[in-house]
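Observations on the three-dimensional arrangement
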Amino acid sequence: MAENLLKGKVGIITGALDENSIAWKTAIKAHEQGAKFVLTNAPIAMRMGAIKELAEQCGTIVIPADATSLEDIEKLYAEAKEYLGGNFDFLLHSIGMSPNIRKGRSYGDLNYDWAMKSYDVSAISFHKMMQVAEKMDVMKEWSSIMGLSYIAAQRVFPFYTDMADAKALLESIARGYGYRFGKAKKVRVNTISQSPTKTTAGTGIGGFDAFFNFADKMSPLGNASAEACADYIITMFSDLTRYVTMQNLFHDGGYSTTGISEELMEQFKDL
Ligand code: NAI
(Lines give C-alpha, C1' and ligand atoms only; values in the text may rest on other atoms or scores of the structure.)
Protein backbone atom coordinates (compact mmCIF):
# COMPACT_ATOMS: atom_id res chain seq x y z
CA MET A 1 0.00 0.00 0.00
CA ALA A 2 1.68 3.22 -1.07
CA GLU A 3 -0.82 6.06 -0.83
CA ASN A 4 1.88 8.45 0.38
CA LEU A 5 -0.32 9.44 3.32
CA LEU A 6 2.75 10.75 5.18
CA LYS A 7 4.67 12.20 2.24
CA GLY A 8 6.74 15.18 3.39
CA LYS A 9 6.15 14.41 7.06
CA VAL A 10 8.95 13.89 9.57
CA GLY A 11 8.90 12.52 13.10
CA ILE A 12 10.18 10.24 15.84
CA ILE A 13 9.23 6.61 16.54
CA THR A 14 10.08 5.18 19.96
CA GLY A 15 9.81 1.59 21.16
CA ALA A 16 10.81 -0.68 18.24
CA LEU A 17 12.47 -3.59 20.05
CA ASP A 18 12.00 -6.43 17.58
CA GLU A 19 9.85 -7.26 14.57
CA ASN A 20 6.83 -8.01 16.79
CA SER A 21 6.80 -4.51 18.31
CA ILE A 22 3.90 -2.25 17.41
CA ALA A 23 6.49 0.50 16.82
CA TRP A 24 8.44 -1.72 14.41
CA LYS A 25 5.37 -2.30 12.23
CA THR A 26 4.58 1.41 12.44
CA ALA A 27 8.08 2.33 11.24
CA ILE A 28 7.78 0.05 8.21
CA LYS A 29 4.38 1.47 7.31
CA ALA A 30 5.44 5.08 7.90
CA HIS A 31 8.39 4.48 5.56
CA GLU A 32 6.06 2.96 2.94
CA GLN A 33 3.79 5.99 3.25
CA GLY A 34 6.62 8.41 2.50
CA ALA A 35 7.55 9.65 6.00
CA LYS A 36 11.08 10.40 7.19
CA PHE A 37 11.78 9.68 10.83
CA VAL A 38 14.39 8.72 13.38
CA LEU A 39 14.11 5.65 15.57
CA THR A 40 14.88 5.69 19.26
CA ASN A 41 14.89 3.26 22.15
CA ALA A 42 16.41 2.92 25.61
CA PRO A 43 20.18 2.37 25.44
CA ILE A 44 19.73 -1.11 26.95
CA ALA A 45 17.35 -2.18 24.15
CA MET A 46 19.82 -0.88 21.60
CA ARG A 47 22.39 -3.46 22.61
CA MET A 48 20.15 -6.22 21.26
CA GLY A 49 20.88 -4.85 17.82
CA ALA A 50 17.65 -5.61 15.97
CA ILE A 51 16.66 -1.94 15.74
CA LYS A 52 19.72 -1.25 13.57
CA GLU A 53 18.34 -3.62 10.94
CA LEU A 54 15.05 -1.74 11.01
CA ALA A 55 16.92 1.56 10.61
CA GLU A 56 18.67 0.19 7.52
CA GLN A 57 15.37 -0.99 6.10
CA CYS A 58 13.86 2.46 6.62
CA GLY A 59 16.94 4.40 5.51
CA THR A 60 17.34 6.18 8.82
CA ILE A 61 19.34 6.40 12.05
CA VAL A 62 18.83 5.31 15.65
CA ILE A 63 19.34 7.78 18.49
CA PRO A 64 19.49 6.11 21.93
CA ALA A 65 17.36 7.80 24.61
CA ASP A 66 15.95 6.70 27.94
CA ALA A 67 12.43 8.18 27.82
CA THR A 68 12.52 8.89 31.56
CA SER A 69 15.55 11.21 31.19
CA LEU A 70 14.88 14.85 30.30
CA GLU A 71 18.48 15.24 29.13
CA ASP A 72 18.18 12.23 26.82
CA ILE A 73 14.92 13.57 25.35
CA GLU A 74 16.47 17.01 24.78
CA LYS A 75 19.44 15.42 23.01
CA LEU A 76 17.11 13.18 20.98
CA TYR A 77 15.06 16.14 19.74
CA ALA A 78 18.11 18.26 18.94
CA GLU A 79 19.80 15.48 16.95
CA ALA A 80 16.56 14.39 15.25
CA LYS A 81 15.80 17.98 14.21
CA GLU A 82 19.26 18.31 12.73
CA TYR A 83 18.98 14.98 10.87
CA LEU A 84 15.43 15.55 9.62
CA GLY A 85 16.02 19.19 8.74
CA GLY A 86 13.31 20.77 10.88
CA ASN A 87 10.46 20.39 13.35
CA PHE A 88 8.33 17.27 13.69
CA ASP A 89 4.94 16.27 12.27
CA PHE A 90 4.55 13.20 14.48
CA LEU A 91 5.80 11.53 17.66
CA LEU A 92 5.01 7.95 18.65
CA HIS A 93 5.29 6.97 22.31
CA SER A 94 5.25 3.14 22.23
CA ILE A 95 6.87 2.44 25.58
CA GLY A 96 5.82 0.27 28.49
CA MET A 97 7.55 -1.67 31.24
CA SER A 98 6.68 -2.81 34.77
CA PRO A 99 9.32 -4.33 37.06
CA ASN A 100 6.48 -5.60 39.28
CA ILE A 101 4.99 -7.56 36.36
CA ARG A 102 8.42 -8.79 35.30
CA LYS A 103 9.07 -10.10 38.79
CA GLY A 104 5.60 -11.55 39.30
CA ARG A 105 4.44 -9.25 42.14
CA SER A 106 0.66 -9.18 42.68
CA TYR A 107 -1.38 -5.97 43.05
CA GLY A 108 -1.48 -6.45 46.82
CA ASP A 109 2.27 -6.93 47.08
CA LEU A 110 3.70 -4.14 44.92
CA ASN A 111 7.24 -2.98 45.44
CA TYR A 112 6.69 0.79 45.42
CA ASP A 113 10.11 1.69 44.05
CA TRP A 114 9.32 -0.57 41.11
CA ALA A 115 5.79 0.85 40.84
CA MET A 116 7.27 4.35 40.54
CA LYS A 117 9.52 3.00 37.78
CA SER A 118 6.48 1.54 35.99
CA TYR A 119 4.65 4.88 36.14
CA ASP A 120 7.72 6.83 35.06
CA VAL A 121 8.63 4.58 32.11
CA SER A 122 5.08 3.81 30.94
CA ALA A 123 3.22 7.08 31.58
CA ILE A 124 5.21 10.05 32.91
CA SER A 125 7.70 9.65 30.05
CA PHE A 126 4.77 10.61 27.76
CA HIS A 127 4.40 13.86 29.69
CA LYS A 128 8.18 14.39 29.64
CA MET A 129 8.31 13.90 25.87
CA MET A 130 5.58 16.51 25.40
CA GLN A 131 6.88 18.99 27.95
CA VAL A 132 10.35 18.94 26.40
CA ALA A 133 8.79 19.18 22.90
CA GLU A 134 6.81 22.24 23.97
CA LYS A 135 9.78 23.92 25.66
CA MET A 136 12.08 23.28 22.69
CA ASP A 137 9.23 24.22 20.31
CA VAL A 138 9.92 21.24 18.04
CA MET A 139 6.35 20.36 16.99
CA LYS A 140 4.82 21.79 13.82
CA GLU A 141 1.29 23.16 13.77
CA TRP A 142 -1.27 20.38 13.20
CA SER A 143 1.26 17.73 14.17
CA SER A 144 0.15 14.51 15.89
CA ILE A 145 1.37 12.78 19.07
CA MET A 146 0.27 9.22 19.87
CA GLY A 147 0.62 6.91 22.86
CA LEU A 148 -0.48 3.29 23.28
CA SER A 149 -2.85 2.15 25.99
CA TYR A 150 -4.84 -0.87 27.15
CA ILE A 151 -8.41 -1.28 28.43
CA ALA A 152 -7.08 -2.14 31.90
CA ALA A 153 -7.11 1.67 32.33
CA GLN A 154 -10.93 1.50 32.61
CA ARG A 155 -11.74 -2.08 33.67
CA VAL A 156 -10.08 -4.45 36.10
CA PHE A 157 -7.72 -7.04 34.66
CA PRO A 158 -6.12 -8.44 37.83
CA PHE A 159 -2.90 -9.64 36.15
CA TYR A 160 -2.18 -6.14 34.79
CA THR A 161 -1.31 -4.82 38.31
CA ASP A 162 0.51 -1.46 38.32
CA MET A 163 0.42 -1.19 34.52
CA ALA A 164 -3.35 -0.62 34.81
CA ASP A 165 -2.65 2.49 36.90
CA ALA A 166 0.13 3.53 34.52
CA LYS A 167 -2.26 3.30 31.55
CA ALA A 168 -4.93 5.34 33.39
CA LEU A 169 -2.28 8.00 33.99
CA LEU A 170 -1.09 7.82 30.37
CA GLU A 171 -4.63 8.43 29.07
CA SER A 172 -5.12 11.30 31.50
CA ILE A 173 -1.85 12.88 30.35
CA ALA A 174 -3.06 12.62 26.72
CA ARG A 175 -6.15 14.66 27.67
CA GLY A 176 -4.27 17.19 29.79
CA TYR A 177 -1.48 17.78 27.32
CA GLY A 178 -3.85 17.53 24.36
CA TYR A 179 -5.73 20.55 25.68
CA ARG A 180 -2.54 22.51 26.35
CA PHE A 181 -0.79 21.66 23.07
CA GLY A 182 -3.99 22.18 21.07
CA LYS A 183 -4.37 25.70 22.44
CA ALA A 184 -0.67 26.50 22.15
CA LYS A 185 0.07 25.14 18.69
CA LYS A 186 -2.80 23.09 17.24
CA VAL A 187 -0.95 19.88 18.11
CA ARG A 188 -3.22 16.88 18.64
CA VAL A 189 -2.60 14.21 21.28
CA ASN A 190 -4.34 10.83 21.47
CA THR A 191 -3.91 7.29 22.77
CA ILE A 192 -4.88 4.08 21.00
CA SER A 193 -6.22 1.36 23.29
CA GLN A 194 -5.01 -1.76 21.55
CA SER A 195 -6.12 -5.44 21.73
CA PRO A 196 -3.77 -7.86 23.52
CA THR A 197 -0.87 -8.29 21.10
CA LYS A 198 1.93 -10.88 21.02
CA THR A 199 4.96 -8.67 21.68
CA THR A 200 7.70 -8.71 24.32
CA ALA A 201 5.74 -6.29 26.54
CA GLY A 202 2.43 -8.13 25.97
CA THR A 203 3.52 -11.71 26.51
CA GLY A 204 5.43 -10.72 29.66
CA ILE A 205 2.11 -10.31 31.46
CA GLY A 206 0.95 -13.28 33.53
CA GLY A 207 -1.82 -15.32 31.86
CA PHE A 208 -1.32 -13.53 28.53
CA ASP A 209 -2.47 -16.49 26.40
CA ALA A 210 -5.74 -16.82 28.33
CA PHE A 211 -6.73 -13.17 28.01
CA PHE A 212 -5.50 -12.99 24.41
CA ASN A 213 -7.79 -15.92 23.51
CA PHE A 214 -10.66 -14.61 25.64
CA ALA A 215 -10.49 -11.18 23.97
CA ASP A 216 -10.30 -12.82 20.55
CA LYS A 217 -13.52 -14.78 21.22
CA MET A 218 -15.25 -11.76 22.75
CA SER A 219 -14.52 -9.34 19.90
CA PRO A 220 -16.86 -9.56 16.89
CA LEU A 221 -13.91 -8.77 14.60
CA GLY A 222 -11.35 -10.75 16.62
CA ASN A 223 -8.25 -9.18 18.17
CA ALA A 224 -6.61 -6.37 16.25
CA SER A 225 -3.05 -7.26 15.21
CA ALA A 226 0.07 -5.14 15.70
CA GLU A 227 0.07 -4.51 11.97
CA ALA A 228 -3.51 -3.23 12.03
CA CYS A 229 -2.57 -1.04 14.98
CA ALA A 230 0.27 0.41 12.91
CA ASP A 231 -2.23 1.21 10.14
CA TYR A 232 -4.39 3.09 12.63
CA ILE A 233 -1.37 5.02 13.92
CA ILE A 234 -0.51 6.02 10.34
CA THR A 235 -4.00 7.44 9.80
CA MET A 236 -3.67 9.33 13.10
CA PHE A 237 -0.39 10.84 11.86
CA SER A 238 -1.96 11.77 8.52
CA ASP A 239 -3.87 14.93 7.67
CA LEU A 240 -7.10 12.90 7.47
CA THR A 241 -7.58 13.06 11.26
CA ARG A 242 -6.70 16.68 12.01
CA TYR A 243 -9.54 17.37 14.42
CA VAL A 244 -9.21 14.21 16.52
CA THR A 245 -7.57 15.09 19.81
CA MET A 246 -7.63 14.27 23.55
CA GLN A 247 -9.19 10.88 22.78
CA ASN A 248 -8.55 7.34 23.89
CA LEU A 249 -9.37 5.42 20.71
CA PHE A 250 -10.29 1.77 21.08
CA HIS A 251 -8.66 -0.41 18.46
CA ASP A 252 -9.89 -3.76 19.68
CA GLY A 253 -12.21 -5.42 17.15
CA GLY A 254 -15.25 -4.34 19.20
CA TYR A 255 -14.13 -5.87 22.51
CA SER A 256 -14.75 -2.79 24.65
CA THR A 257 -18.44 -2.55 23.74
CA THR A 258 -19.33 -6.25 23.72
CA GLY A 259 -21.04 -7.70 26.81
CA ILE A 260 -20.72 -11.35 25.79
CA SER A 261 -20.28 -13.16 22.50
CA GLU A 262 -22.09 -16.26 21.30
CA GLU A 263 -18.82 -18.25 21.37
CA LEU A 264 -18.35 -17.46 25.05
CA MET A 265 -22.02 -18.16 25.88
CA GLU A 266 -21.56 -21.58 24.35
CA GLN A 267 -18.74 -22.35 26.80
CA PHE A 268 -20.79 -21.38 29.87
CA LYS A 269 -24.26 -22.75 29.06
CA ASP A 270 -23.94 -26.14 30.81
CA LEU A 271 -22.15 -25.09 34.01
P1 NAI B 1 7.53 -4.02 23.00
O2 NAI B 1 8.10 -4.75 24.16
O3 NAI B 1 7.93 -4.45 21.66
O4 NAI B 1 7.77 -2.44 23.16
C5 NAI B 1 7.95 -1.79 24.40
C6 NAI B 1 9.13 -0.85 24.21
O7 NAI B 1 9.35 0.00 25.34
C8 NAI B 1 10.46 -1.61 23.99
O9 NAI B 1 11.02 -1.25 22.74
C10 NAI B 1 11.33 -1.13 25.12
O11 NAI B 1 12.71 -1.12 24.82
C12 NAI B 1 10.75 0.27 25.35
N13 NAI B 1 11.19 0.86 26.61
C14 NAI B 1 11.15 0.32 27.86
N15 NAI B 1 11.69 1.15 28.75
C16 NAI B 1 12.08 2.27 28.06
C17 NAI B 1 12.71 3.50 28.43
N18 NAI B 1 13.05 3.74 29.70
N19 NAI B 1 12.97 4.41 27.47
C20 NAI B 1 12.64 4.17 26.17
N21 NAI B 1 12.04 3.03 25.76
C22 NAI B 1 11.77 2.09 26.70
O23 NAI B 1 5.94 -4.19 23.17
P24 NAI B 1 4.68 -3.47 22.48
O25 NAI B 1 3.52 -4.33 22.79
O26 NAI B 1 4.97 -3.12 21.08
O27 NAI B 1 4.51 -2.15 23.38
C28 NAI B 1 4.30 -0.87 22.85
C29 NAI B 1 3.20 -0.16 23.61
O30 NAI B 1 1.95 -0.79 23.36
C31 NAI B 1 3.39 -0.14 25.13
O32 NAI B 1 2.98 1.11 25.64
C33 NAI B 1 2.40 -1.23 25.56
O34 NAI B 1 2.00 -1.09 26.91
C35 NAI B 1 1.27 -0.94 24.59
N36 NAI B 1 0.26 -1.99 24.48
C37 NAI B 1 0.64 -3.28 24.25
C38 NAI B 1 -0.32 -4.28 24.23
C39 NAI B 1 0.09 -5.70 24.07
O40 NAI B 1 -0.70 -6.60 24.38
N41 NAI B 1 1.28 -5.97 23.57
C42 NAI B 1 -1.77 -3.99 24.39
C43 NAI B 1 -2.06 -2.58 24.56
C44 NAI B 1 -1.06 -1.63 24.62
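Reading the values: rules and limits
Residues numbered from 1 in each chain as written. Predicted model: local features only at pLDDT ≥ 70, side-chain atom pairs only at ≥ 80, totals over all residues. Heavy atoms only, no water. UniProt positions renumbered as here; feature names shortened; annotations may be inferred. Contact = heavy atoms within 4.5 Å. Helix = DSSP H or I, 4+ residues; strand = E, 2+ residues; numbered from the N terminus. Buried < 20%, exposed > 50% of the residue type's maximum accessible area, 1.4 Å probe, protein only. Core = buried A, V, L, I, M, F, W, Y, C linked by side-chain atoms within 4.5 Å. Salt bridge = Lys/Arg side-chain N within 4 Å of Asp/Glu carboxyl O. Near = heavy atom within 4 Å. Polar contact = N/O pair within 3.5 Å; in protein donor to acceptor, adjacent residues only side chain to side chain. Areas by Shrake-Rupley, 256 points an atom, 1.4 Å probe, with all protein chains shown as cover. Pairing = 2+ DSSP bridges. Axes fitted to C-alpha atoms, helices over the stretch in contact; angles between N-to-C directions.

1. Overview of the UniProt feature "binding site: NAD(+)" (unreviewed entry) in the protein chain
- Listed under "binding site: NAD(+)" (unreviewed entry) in the UniProt record, and renumbered for this structure, are Gly15, Ser21, Ile22, Ile95 and Lys167.
- Not counting residues up to four positions away in its chain, the partners in contact with serine 21 are Gly15, Ala16 and Thr199.
- Looking at the secondary structure, you find lysine 167 in helix α7 (residues 161-185).
- Lysine 167 sits in the buried class, given a relative accessible area of 7%.

2. Points about the nonpolar core
- Ranked by size, the top nonpolar core spans 29 residues in total, and within it Ile13, Phe37, Leu39, Leu92 and Ile233 carry the most contacts.
- Contributions of two or more residues to this core are made by α1 (22-32), β2 (36-40), α3 (50-58), β3 (88-93), β4 (139-149) and α10 (226-237).
- In terms of residue count, the dominant contributor to this core is α10 (six residues).
- Membership of the second largest hydrophobic core comes to 28 residues, among which are Val38, Ile63, Ile73 and Leu91.

3. Looking at the pattern of salt bridges
- Applying the stated criterion across every chain yields a total of ten salt bridges.
- For aspartate 239, the salt bridge is made with lysine 9, and the minimal N-O distance between the two is 2.9 Å. In this pair, aspartate 239 sits in the loop between α10 and β6 (248-251) while lysine 9 sits in the segment before β1 (10-14), placing the two residues 230 residues apart along the sequence.
- A residue is classified by how much of its surface remains accessible, and aspartate 239, at 41% relative accessible area, is partly exposed.
- For lysine 269, the salt bridge goes to glutamate 266, with nearest N and O atoms at 2.5 Å.
- Ionic contacts of the salt-bridge type, sharing partners, join the residues Lys29, Glu227 and Asp231 into one network.

4. Here's the deal with the site of the ligand
- Taken together, 28 residues lie near the ligand, and Ser21, Asn41, Lys167, Thr197 and Thr199 sit nearest.
- With respect to the ligand, the side chain of serine 21 contributes an N or O atom lying 2.6 Å from an oxygen atom.
- Contact with the protein chains removes 93% of the 820 Å² of surface that the ligand exposes when unbound.
- Of all the elements in the fold, those that place two or more residues in the shell around the ligand are β4, α7 and α8 (200-203).
- When residues of the shell around the ligand are assigned to their parent elements, the largest contribution, three residues, is made by α8.

5. Here's the deal with the environment of alanine 210
- Looking at the secondary structure, you find alanine 210 in helix α9 (residues 208-218).
- A residue is classified by how much of its surface remains accessible, and alanine 210, at 53% relative accessible area, is exposed.
- Taking the C-alpha atoms as reference, alanine 210 lies 20 Å from serine 98; in sequence the two are 112 residues apart.

6. Remarks on the sheet that holds β3
- Strand order in the open sheet formed by six strands is β2-β1-β3-β4-β5-β6, and the pairing between neighbours is parallel. Whereas interior strands pair on both sides, the edge strands pair on one side only; in this sheet they are β2 and β6. Along the sheet, successive strands turn relative to each other by an average axial angle of 20 degrees, direction set aside.
- Pairing geometry for β1 and β2, over five bridges, is parallel. When the bridges of β2 are listed, isoleucine 12 appears paired with valine 38.
- Contacts from α1 reach β1, β2, β3, β4 and β5 (188-194), with the element oriented near 160 degrees to β1.
- Contacting β1, β2 and β3, helix α4 (residues 70-84) crosses the sheet at an angle of about 150 degrees to β2.

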